[in-house]
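Chain and residue survey
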Amino acid sequence: MSNHASSLTAQDLAFLRRPLHGFLSVAEGPVPPQPRPVWFEATAEGTIQLFTAPDSVKVRRLRRDPRASIVVAAPVGERERWLSVAGRTSVESDGAHELCARLAARYWDLDDPARAEDLAEILATEQIRLVIHPETVRRFTF
């Protein structure tokens, strides 16, 4: 079953709160989107946020054209399900390190010294937060 709307449902938010990878695409005029796997967080306000370095290519592209989308799919072994969220993206200077720490705890075992060191290295660098404000939400469940 496939349908679309402009906001996330309670079922969408429950799905997005799982430690799944999202594939982010940003607009770039005539250049086709180049999706990248990303960690993400669905917020209680119904936005999707992620963190990145302020000098990343995606940030430069978003400053020129704020449109982005993220696609999240259920892993192999589960019934087919995916969710696509597209909308305008804001670039926020606050909250990136806190978001990074929450997502690292969600995706990694931080009791592993190597992963804890990886997180410390990320937190030692400047990060910004990208927030996708949904305009179109498409979903498929089988």
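Our subject is the structure listed above.
Residues numbered from 1 in each chain as written. Predicted model: local features only at pLDDT ≥ 70, side-chain atom pairs only at ≥ 80, totals over all residues. Heavy atoms only, no water.

What about the pairing of strand 7 (residues 81–92)?
- Bridging between strand 6 (residues 67–73) and strand 7 involves seven bridges; their strand directions are antiparallel. Its bridge partner being in strand 7, alanine 68 is matched across the sheet by glycine 87.
- Across twelve bridges, strand 7 lies against strand 8 (residues 128–141) in antiparallel orientation. Its bridge partner being in strand 8, arginine 81 is matched across the sheet by threonine 141. (Pairing = 2+ DSSP bridges. Helix = DSSP H or I, 4+ residues; strand = E, 2+ residues; numbered from the N terminus.)

Considering the pattern of salt bridges
- Applying the stated criterion to the full structure yields six salt bridges.
- Glutamate 78 is the salt-bridge partner of arginine 18, the closest N and O atoms lying 2.5 Å from each other. Here arginine 18, found in the loop between helix 1 (10–16) and strand 2 (22–26), pairs with glutamate 78, found in the loop between strand 6 and strand 7; they are 60 residues apart in sequence, far enough to count as distant.
- In this structure arginine 18 comes out as partly exposed when scored by relative accessible area, which is 29%.
- Using a relative accessible area of 37% as the deciding quantity, one classes glutamate 78 as partly exposed.
- Here arginine 129 ties to aspartate 94 by a salt bridge, and the two come within 3.1 Å at their closest N and O atoms. Separated by 35 residues along the polypeptide, arginine 129 in strand 8 and aspartate 94 in the loop between strand 7 and helix 3 (96–107) bring together distant segments of the chain.
- By relative accessible area, arginine 129 is classed as buried at 14%. (Salt bridge = Lys/Arg side-chain N within 4 Å of Asp/Glu carboxyl O. Buried < 20%, exposed > 50% of the residue type's maximum accessible area, 1.4 Å probe, protein only.)

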